[in-house]
Amino acid sequence: MRVADLLPRELERFEREHPRSRELASRASGSLLSGVPMPWMIRWPGAFPVFAAEAEGARFRDVDGHEYVDFCLGDTAAMTGHSPEPTARALAEQARRGITLMLPSEDAIWVGEELARRFGLPRWQFALTATDANRFAIRLARELTKRPKILVFNWCYHGTVDETFATLENGSVTSREGNVGAPVPLAETTRVVEWNDAEALERELSHGDVACVLAEPALTNIGIVLAEPGFHETMRRLTREAGTLLIIDETHTLCCGPGGYTKAEGLEPDLMTIGKAIAGGIPVGAYGMTDEVAARVLEKTVWEAADVGGVGGTLAGNALSLAAVRATLGEVLTDEAFARMIALGERFAAGCDEVIAEFELPWQATRLGCRVEYMFSPTPFRNGGEAYAAFDTPLDALLHLYMLNRGVLMTPFHMMALMSPATTEADVDAHTASLREFAGELTG
Ligand SMILES: Cc1ncc(COP(=O)(O)O)c(C=O)c1O
């Protein structure tokens, strides 16, 4: 069967089985722009989104009473599993003791010490999202180097950070498709190179105008694209030689272990950013830096204007968020939990490999710790440009819908799955079974 034959059948099933979601979607369209609270939610396959009723651990239930195994996990923000008990308890307790004060709480110290222990960077600050952590890290890099530009990798994603919505088109920097209301032409703020292209990186850094390289240690937002052996060492050497600061964004690659990719692979960034999962989904972002960067920041800080310098925010570092981070890092995303999650990631990838081999699909699965993605190409991609070119939107939409109809939620926009401490082997096997069923129909 072909995609075009399967899609109408799956769409019809989805609509038939989700009458309450349809009703709510219709009502939502009266007050919410395009019927959703946030524009990305329009991109789920199907005529309307599934409305969630409640979620716990690795599962959620929709308003029509269907239960799902959740491998999307809030696109990493719920990598802890939904509402983990220690985080929920800490939140309830802190909410009664004060939510936000513009004063530090003792939890901030515990969290700073724990982040330093995990990631190896000694000085930390907080924001409300990973986006903001990236924005503040970029500002600091510009301030310290007095250089105007940043460098990112083609088809990266680092949140809604203006400078990062740049892609390469025939070798030139251009605004990423869909970039809404770009404040300035992207070529003025950003240099872009392909991931794993050391030669291009060296060439672009040689202009001497790049304040920082902002990189995920493996691309995770255009499929998973791993770093080739030696690329990180080269990137570190080249950035040092160019006087460019290296910012590693661990927001998604925390999936590699308790100290993310940075600790697992011994990276030496100047600054590091993170958000999403570290508070179990409660808004928080954090950015860490070396002692050397910290000393330079302190030297440059205009203390009388620290509140209007463009770094920080009224709710950043609030007591509630930090209580949630303390409970989450202390009791949920532990070493022991990561060991189990990564083993489940291996099981998930093995299931994909089995189905791909059995049905001779021209696909492959890539694993990064407890994160797995299967992509519609027989070989792994080397960079974002290659990965983007291979996107098969109709197949991707069908597969998401097919899984949804069988109680399996995958991360939207690509076939990515994440394991939480609450995920079980049976959950993983349920996905493998649905994938096998799909492969049988697609090739049958
Ligand atoms: C690598 C990376 N960094 C930063 C962000 C931004 O996170 P948030 O949208 O929570 O600010 C994302 C979001 O997907 C991300 O994937």
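Provided above is the structure to which this section pertains.
Residues numbered from 1 in each chain as written. Predicted model: local features only at pLDDT ≥ 70, side-chain atom pairs only at ≥ 80, totals over all residues. Heavy atoms only, no water.

Student: It is not clear to me how the site of the ligand should be interpreted in this structure. Could you clarify?
Tutor: Taken together, 13 residues lie near the ligand, and T131, N221, D249, H252 and K276 sit nearest. Here N221 contributes a side-chain N or O atom positioned 3.0 Å from an oxygen atom of the ligand. One of the side-chain nitrogen or oxygen atoms of H252 is found 3.1 Å away from an oxygen atom of the ligand. Burial of the ligand by the protein amounts to 88% of the accessible area it has alone, namely 390 Å². Ranked by residues supplied to the shell around the ligand, first place goes to helix α5 (residues 130–145) with 3 residues. Grouping the amino acids of the shell around the ligand by side-chain chemistry returns 2 nonpolar, 8 polar and 3 charged. (Near = heavy atom within 4 Å. Polar contact = N/O pair within 3.5 Å; in protein donor to acceptor, adjacent residues only side chain to side chain. Areas by Shrake-Rupley, 256 points an atom, 1.4 Å probe, with all protein chains shown as cover. Helix = DSSP H or I, 4+ residues; strand = E, 2+ residues; numbered from the N terminus. Nonpolar A, V, L, I, M, F, W, Y, C, P; charged D, E, K, R; others polar.)

Student: Which parts of the structure should I look at to understand the state of the cysteines?
Tutor: In a disulfide, the sulfur atoms of two cysteines are held together by a covalent bond. Counted by the stated rule, this structure contains 0 disulfides. The closest cysteine sulfur to the non-disulfide-bonded C256 is located on C255, 4.3 Å from its own sulfur. Here C352 stays unpaired: no disulfide links it, and the sulfur of C370, its closest cysteine neighbor, is 14 Å away. (Disulfide = S-S within 2.5 Å.)

Student: Would you mind showing me how to read unusual backbone geometry here?
Tutor: Both trends apply: most residues other than glycine have a negative phi, and most peptide bonds are in trans. Of note, D75 is a non-glycine position whose phi angle comes to about 45°, a positive value. Along the chain, the position of D75 falls in the loop between β3 (67–70) and α3 (85–95). In this structure, K146 takes a positive phi of about 55° despite not being glycine. Mapped onto the elements of the fold, K146 is located in the loop between α5 and β5 (149–153).

Student: Before we go on, may I ask you to explain the pattern of salt bridges in this structure?
Tutor: A side chain with one charge may pair with a side chain of the opposite charge, provided their charged atoms come close. Within the structure shown, the criterion is met by 36 salt bridges. A salt bridge links R191 to E204, with the nearest nitrogen and oxygen atoms 2.9 Å apart. In this pair, R191 sits in strand β8 (residues 190–193) while E204 sits in helix α6 (residues 198–205), placing the two residues 13 residues apart along the sequence. Note on accessibility: R191 and E204 belong to one class, buried. Notably, a salt bridge pairs R436 with E358, separated by 3.0 Å at the nearest N-O pair. Highlighted residues: R436 in helix α14 (residues 425–443) and E358 in helix α11 (residues 335–358), separated in sequence by 78 residues. (Salt bridge = Lys/Arg side-chain N within 4 Å of Asp/Glu carboxyl O. Buried < 20%, exposed > 50% of the residue type's maximum accessible area, 1.4 Å probe, protein only.)

Student: Can you walk me through α6 in this structure?
Tutor: Along an α-helix, a turn takes 3.6 residues, which lines up residues three or four apart on a common side. Among all positions in α6, only A200, L201, E204 and L205 are buried. Along α6, the residues classed as buried sweep out an arc of 130° about the axis, all on the same side. (Arc of directions from axis to C-beta.)

Student: Looking at this structure, how should I read helix α13 (residues 393–405)?
Tutor: The terminal C-alpha atoms of α13, which comprises 13 residues, lie 18 Å apart, in line with the 18 Å expected from a rise of 1.5 Å per residue. Buried residues dominate α13, accounting for 10 of its 13 residues. All of the buried residues along α13 are L395, D396, L398, L399, H400, L401, Y402, M403, L404 and N405. Buried-residue contacts for α13 involve α1 (3–17), β3, β14 (371–375), β15 (408–409) and α14. For α13, the N-terminal cap is D392; the gap from its side-chain oxygen to the backbone nitrogen of L395 is 3.2 Å. (Expected span 1.5 Å × (residues − 1). Contact = heavy atoms within 4.5 Å.)

Student: Please clarify how the pairing of strand β10 (residues 245–249) should be interpreted in this entry.
Tutor: Extensive coverage of β10 is indicated by the burial of 5 of its 5 residues. Neither face of β10 is exposed, since L245, I247 and D249 on one face and L246 and I248 on the opposite face are all buried. Note: strand β9 (residues 210–215) against β10, 4 bridges, orientation parallel. Bridge pairing in β10 links V213 to L246. (Pairing = 2+ DSSP bridges.)

Student: Hey, could you run me through the sheet that holds strand β1 (residues 52–56) in this one?
Tutor: Sheet architecture is open: 4 strands sit in the order β1-β2-β3-β15, paired in mixed fashion. Two strands close off the open sheet at either side, each with one partner strand: β1 and β15. Where β1 and strand β2 (residues 59–62) come together, 4 bridges link them in antiparallel fashion. Bridge assignment links E56 to a residue of β2, and that residue is R59.

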